[in-house]
Amino acid sequence: MKRSFLYCIITVLFAISFIDPVAGIAQNGTYIPAIALYPQQNAVRNRLDLSSIWNFQLDPAEEGENAGWFNGLPAPQSIAVPGSWNDQLDQKHNYLGCSWYEMETYVPSSWKNNEVGIRIGSAVYFAKVWINGQLLGQHEGGHLPFAFAVTDKVKWGEKNRITIMVENKLSADRVPGNVAGGALTSVNYPNTNYDFFPYSGLHRSVWLYSVPKQAHLIDIALTTTFQGSTGTIHAKVKKHGKVANGRVIVSDKDGKQTVMPLRFTGDDANVDVQIADVKLWSPDTPYLYNVTVELGNASKPIDSYNLQTGVRTIEVKGNDILLNGEPIILRGFGKHEDFPIFGRGTALPVMIRDFSLMKWIGANSFRTSHYPYDETVYEEADKQGILIIDEIPSVGLVFYDDKKDIDRRRKLCDRMLEEMITRDKNHPSVIMWCVANEPSPKTLGSNVMGGSNDAAEEENNIAKDFLGGLLRQAKKLDPSRLTTFVGVMGGPADWMAECDLITINRYYGWYTNTGNFAMAERYFGGELDKLYNQFHKPIVLTEFGADAISGHHANEDEMYSEEFQRKMINAYLDIANTKPFVKGMMVWAFADFRTGQALMRVGGMNLKGVFTQDRRPKMAAWLLRKRWVDEKKGNF
Ligand code: BDP
C-alpha cells in the first residue's frame, strides 16, 4: 500500500468524518509509517523542534471546540512544552480534564518544495491537533508518537498557529485506565488502577519536519545476525514516490564502508549487507555501525536517512538468555520517567544522570515500566550498552469487567504494541517486548502466595486470549526479539505459558508476610522452584523491593528504614544466587517516584527507589554497587 502524504491527507479527511472510537485517525494506519523514522536533520531532510513556552488554557467545561479555540485561545497562560501540566500550574496537580496548547511559528521557506509533517512525541492521554484552525486528526494513548501531513495547510511567509487539545480523563475503556473494583482504584486519588501519578499533557517534543517531495523513505527495519566472523545487517526499506534506485551504506567506526544497491519491487526493497570481521554489540562493547539509506543517485541523493545499529542476536535456549549466543544475566531496575515539576516531561539532564548512575551501580539493564520512554533514551542505551525491556502502557489490565471495555482495551493494546515496535525496532538495546504489567485476576488479594490459578473459567479464557494474542502479535511484528508480560504476585501462573521467559514481580516481606523475613525468604525461594518446575524457562524478577524514607534510619527489621530496604534487597539477591535458572534481578525501583494520594504512599510518593527522586543514593544503592561492581560474587 502506498502511504504518501497525499494518501495521509485523504485518510485524514476520511478519518475525520468516520472517527473510530478506539484509534481516531490512527485506525487506517497512516500514522505508522509517519512515526517509523524519527525526524532527522540532514542535507535533504529538515526538522524544527517546537519545544518552548506555549500558550495554554484549561477547559474544564469542554467548551473550547464548540467555541472555536483552535482559532485562538481566549485567555491563555504560559506553559513549557515538553512537560506535564500538573506541577507547572498553581493548584492544578490533580487536574486531568481537557486542556489546550497553542503556539505560532514560521515554517522555513526553504522547505517550500517539500512534504511537511507534524510529529507529536507523546500526548497523555488523548489529543486533537489543528493547524491554522484546520483539524488534522486525533490520537489516543500516551507515551507514543503520532504524526500528520500538513503540506497543503502551511502558510508560507507568515506565522502558522498550531493548536493541540489534550485530555487525560481516567476511564475503564482506556489503557491504562481505572477499573471499578481494580486492586488500587478504591484506595488512591486520582483513582487510577496503577501506581504512578497520571501526569498529563505534551510530554515530549513536538516537531515540524520535511521530507523530499519527489520520493522519500517511509520506513527502514534493520535486523542483524552473524555467522563466524561475518555479520549481516538485513535492511527492509519502504519508500514513497518515483525513484528506481537507492542503496544501503554501512560504515564502521574506522570509516570502512560496505555499499549494497536497493532494488525496489513496488515501494519495497530488501537487502543483506555483509560485514567481514564484524564487531558485535553487547553491554561490554556497544559497538555501533552507521547505516545510511539513500534514494536516487549516489552523487545527489533524493532522500537519505541515517541510523546507528549494533549487530547482535537475542534468544532463549533452555534456562539461558543468550546474547550473541552467550548467556547473559540482567542486573538492573524498573524505572519511571518522573522528576519534580517536569512530571513525565522529557528531562534530558536527568536521563543522562540516570545512565551514569546505572553504570556507577553496575547495572546492565532496565525495564521501561510502565510505558515506552522518550526516544532519546533508547539512543543513549544503544551507545552505552544498556539492555532494555520495552513495555507498552498496559498496566493494571483486568478481564472481568464489561466486555465492551475489555474489547476496546484489547484493540488499544494491539495498536500501542504496533506503534512501539514501529518506533523502537532498530535499537540494539531493546531485547524484549513486554506486552503488559501485572494483568490481574479478580481474585487477586485473596490469593497472594503466587503460582496458583483460581480465576473464573470465563475470565481465564479471556485473559489467555488477550495476553496470548498480544504475545503472538509482538512475535509476528518482530520475530527477532523476546516477548513477555510481567506476572503479578498471586496471579495465575498458566497465563504466562506463551512467554519466552518468566518475568514476575514479587513482594514477599512487604505486601505479604509483612516484615517477616524468614517467611518471605521461604515463600520466595519456594515459588521460584515451583515456577521453574512448571515452565523450565529462565526467570527474571522484574520487580522486588521495599519503601524506604530517605534519611530514616533504624534497625534493619523496621519497615520504611533505609536499613530494612537494604536487608530486603540483599536477601532477595542472595536467594536468586542459589537458583541457577534466575537470569535477571531488577530492583523496584531505580528512583522514588510520584503516585496518587494513598495511605501507603506517604506524601504521594512510592519510596521504593534506591535513589531518591532527585537521585541521591540510599543505603541500598551502596549495597548494589558493592555486590555488582566490587564483589561480583554469583550472578547478583
Ligand atoms: C507493582 C507494580 C508497580 C508498583 C509496585 C509497588 O508493578 O507499578 O509501583 O508494585 O507497589 O505491583 O511499589
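The shown structure was predicted, so the numbers you read here are calculated from the model rather than taken from an experiment.

What counts and how
Residues numbered from 1 in each chain as written. Predicted model: local features only at pLDDT ≥ 70, side-chain atom pairs only at ≥ 80, totals over all residues. Heavy atoms only, no water. Helix = DSSP H or I, 4+ residues; strand = E, 2+ residues; numbered from the N terminus. Contact = heavy atoms within 4.5 Å. Near = heavy atom within 4 Å. Areas by Shrake-Rupley, 256 points an atom, 1.4 Å probe, with all protein chains shown as cover. Nonpolar A, V, L, I, M, F, W, Y, C, P; charged D, E, K, R; others polar. Phe/Tyr/Trp six-rings, centres within 6.5 Å; stacked < 30°, edge-to-face > 60°. Buried < 20%, exposed > 50% of the residue type's maximum accessible area, 1.4 Å probe, protein only. Lys NZ or Arg CZ within 6 Å of the ring centre and 35° of its normal. Core = buried A, V, L, I, M, F, W, Y, C linked by side-chain atoms within 4.5 Å. Domains from an automatic or database assignment. Salt bridge = Lys/Arg side-chain N within 4 Å of Asp/Glu carboxyl O.

A word on the environment of Ile 504. Checked against the element boundaries, Ile 504 lands in strand β28 (residues 502-505). Spatially, the C-alpha atom of Ile 504 lies 9.1 Å from that of Phe 544, the residues being 40 residues apart in sequence. Setting aside residues no more than four positions away along its own chain, Ile 504 makes contact with Val 486, Gly 487, Met 496, Leu 528, Leu 531, Ile 539, Val 540, Leu 541, Thr 542 and Glu 543.

Residues in contact with the ligand amount to 13 residues; listed here are only the nearest, Asp 195, His 370, Glu 438, Tyr 511 and Lys 608. In isolation the ligand exposes 320 Å². Once the protein is present, 89% of that is buried. Among the residues forming the shell around the ligand, the class breakdown is 4 nonpolar, 4 polar and 5 charged.

Before going further, it helps to spend a moment on the packing of aromatic side chains. The tally for this structure, following the rule as stated, stands at 34 aromatic pairs. Aromatic pair Trp 100 and Trp 130: ring centres 5.1 Å apart, planes at 25°, arrangement stacked. In this pair, Trp 100 is assigned in strand β4 (residues 99-105) and Trp 130 in strand β7 (residues 126-131), connecting sequence segments 30 residues apart. The exposure classification of Trp 100 matches that of Trp 130, with both residues buried. Between Phe 355 and Phe 366, the ring centres sit 6.2 Å apart and the planes meet at 75°, which makes this aromatic pair edge-to-face. Highlighted residues: Phe 355 in helix α3 (residues 348-361) and Phe 366 in strand β24 (residues 365-367), separated in sequence by 11 residues. Residue Phe 355 is classed as buried on the basis of its relative accessible area, which comes to 2%. Chaining the aromatic ring pairs together yields one cluster made of Tyr 194, Phe 196, Phe 355, Phe 366, Tyr 371 and Tyr 373. Residue placement shows Lys 253 over the ring face of Tyr 287; its charged tip is 4.7 Å from the ring centre. Just above the ring of Phe 517 sits the side chain of Lys 567; from NZ or CZ to the centre is 4.3 Å.

This part takes up the nonpolar core. Ranked by size, the top nonpolar core spans 100 residues in total, and within it Met 585 and Val 610 carry the most contacts. Each of two domains, domain 1 (3-33 + 51-204) and domain 3 (328-631), supplies a minimum of three residues to this core. Apart from the residues within four sequence positions on either side, Met 585 is in contact with Leu 330, Arg 331, Gly 332, Phe 524, Leu 541, Phe 544, Tyr 572, Leu 573, Ala 576, Trp 628 and Phe 636. Val 107, Phe 146, Ile 164 and Val 166 belong to the second-largest nonpolar core, a separate cluster that totals 31 residues.

The next subject is the pattern of salt bridges. Here the structure, examined in full by the defined rule, presents 42 salt bridges. Linking Glu 543 and Arg 367 is a salt bridge whose minimum nitrogen-to-oxygen distance equals 2.8 Å. Residue Glu 543 is located in strand β29 (residues 539-543), and its partner Arg 367 is located in strand β24; the two are separated by 176 residues in the primary sequence. Comparing Glu 543 with Arg 367, the two get one shared label, buried. A salt bridge links Arg 481 to Asp 478; the nearest nitrogen and oxygen atoms lie 2.7 Å apart. Judged by its relative accessible area of 5%, Asp 478 is buried. Linked through salt bridges whose partners overlap, the residues forming this network are Asp 195, Asp 547, Arg 601 and Lys 608.

Read these as spatial facts, not as claims about activity.
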